[in-house]
Amino acid sequence: MKQTVFSILLFIMLLCGCQPKAAENTITAEMALEGVSNYCHSEYDWSAAEGDPELMYVAMGEETDSAYQVVFRSYTGAQVFFYVDKTSGSTRMVEHVPALGIESEAGTMDLFDYLDRQN
């Protein structure tokens with residue numbers, strides 16, 4: 001009897017579309033790259049790269065179950081690693097200066113502040 005009731009409830013849930021939905025704030029890799037790129041273009045001076053665009057760039061890094069890594073490279077060789085939380089869009093920044101062997105926390109930002117609202 002319990003199996004029949006459970007089966008009927010499951011069938012009704014499927015018909016009603018009562019299935020769990022993905023979080024509205026789920027971030028895609030494309031969104032992470034776009035938001036960080038928009039941030040970098042608004043916060044950093046890109047004039048040094050006008051003659052040689054390869055001096056500065058934003059690129060995808062590694063991915064974990066919970067975050068995307070996006071890397072900004074400055075014309076000085078310094079890198080900023082952006083760790084974008086896949087659910088919330090909260091982004092932690094870590095600056096790395098390879099020539100000096102220095103790594104430091106550089107702040108946080110909300111990815112949604114730098115995304116085109118049509119995403």
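Residues numbered from 1 in each chain as written. Predicted model: local features only at pLDDT ≥ 70, side-chain atom pairs only at ≥ 80, totals over all residues. Heavy atoms only, no water.

## A look at helix 2 (residues 29-43)
Stage number 1. Between the first and last C-alpha of helix 2 there are 21 Å, a value that for 15 residues agrees with the 21 Å anticipated at 1.5 Å per step.
Stage number 2. Burial in helix 2 covers these residues: Met31, Ala32, Gly35, Val36, Ser37, Tyr39 and Cys40.
Stage number 3. Check the buried side of helix 2 and you find it contacts strand 1 (57-63), strand 2 (67-73), strand 3 (79-85), strand 4 (90-97) and strand 5 (102-110). (Helix = DSSP H or I, 4+ residues; strand = E, 2+ residues; numbered from the N terminus. Expected span 1.5 Å × (residues − 1). Buried < 20%, exposed > 50% of the residue type's maximum accessible area, 1.4 Å probe, protein only. Contact = heavy atoms within 4.5 Å.)

## Focus: the pairing of strand 2
Stage number 1. Taken across its seven residues, strand 2 has six buried, putting it largely inside the fold.
Stage number 2. Relative to strand 2, strand 1 is paired through five bridges, and the arrangement is antiparallel. In the strand pairing of strand 2, Ala59 is matched with Val71.
Stage number 3. Between the end of strand 1 and the start of strand 2, which pair antiparallel, lie three residues.
Stage number 4. Where strand 2 and strand 3 come together, seven bridges link them in antiparallel fashion. Each bridged residue has a counterpart across the sheet, and for Gln69 the counterpart in strand 3 is Tyr83.
Stage number 5. Between strand 2 and strand 3, which pair antiparallel and follow one another directly, the connecting turn spans five residues, one of which, Gly77, has a positive phi of 100°. (Pairing = 2+ DSSP bridges.)

## Things to note about the nonpolar core
Stage number 1. Judged by nonpolar contacts, the single largest core of 21 residues is most densely connected at Ile27, Val36, Cys40, Phe72, Phe82 and Val84.
Stage number 2. Elements with a contribution of two residues or more to this core: helix 2, strand 2 and strand 3.
Stage number 3. Looking at this core element by element, the count peaks at five residues for helix 2.
Stage number 4. The residues touching Phe72, leaving out its near neighbours within four places in the chain, are Cys40, Tyr44, Trp46, Met56, Tyr57, Val58, Ala78, Gln79, Val80 and Phe82. (Core = buried A, V, L, I, M, F, W, Y, C linked by side-chain atoms within 4.5 Å.)

## Quick word on the packing of aromatic side chains
Stage number 1. Scanning the entire structure with this criterion turns up five aromatic pairs.
Stage number 2. On the numbers, 6.4 Å between centres and 85° between planes, the contact of Tyr39 with Tyr44 is edge-to-face.
Stage number 3. Overall, the relative accessible area of 11% leaves Tyr39 in the buried class.
Stage number 4. A ring pair is formed by Tyr39 and Phe82, whose centres lie 5.7 Å apart and whose planes are at 70°; its orientation type is edge-to-face. Residue Tyr39 is located in helix 2, and its partner Phe82 is located in strand 3; the two are separated by 43 residues in the primary sequence.
Stage number 5. Put simply, the rings of Tyr39, Tyr44, Trp46, Phe72, Phe82 and Tyr114 touch in pairs and so form one group of aromatic residues.
Stage number 6. When the ring centre of Tyr68 is taken as origin, the NZ or CZ atom of Lys86, which lies over that ring, is 4.8 Å away. (Phe/Tyr/Trp six-rings, centres within 6.5 Å; stacked < 30°, edge-to-face > 60°. Lys NZ or Arg CZ within 6 Å of the ring centre and 35° of its normal.)

## A short note on the sheet that holds strand 2
Stage number 1. Spatial ordering of the open sheet is given by 1-2-3-4-5, a layout of five strands whose pairing is antiparallel. Each edge of the open sheet is held by one strand with a lone partner, namely strand 1 and strand 5. Across the sheet, the mean angle from the axis of one strand to that of its neighbour is 25°, orientation sign disregarded.
Stage number 2. Along the sheet, helix 2 contacts strand 1, strand 2, strand 3, strand 4 and strand 5; its crossing angle with strand 1, the most-contacted strand, is approximately 140°. (Axes fitted to C-alpha atoms, helices over the stretch in contact; angles between N-to-C directions.)

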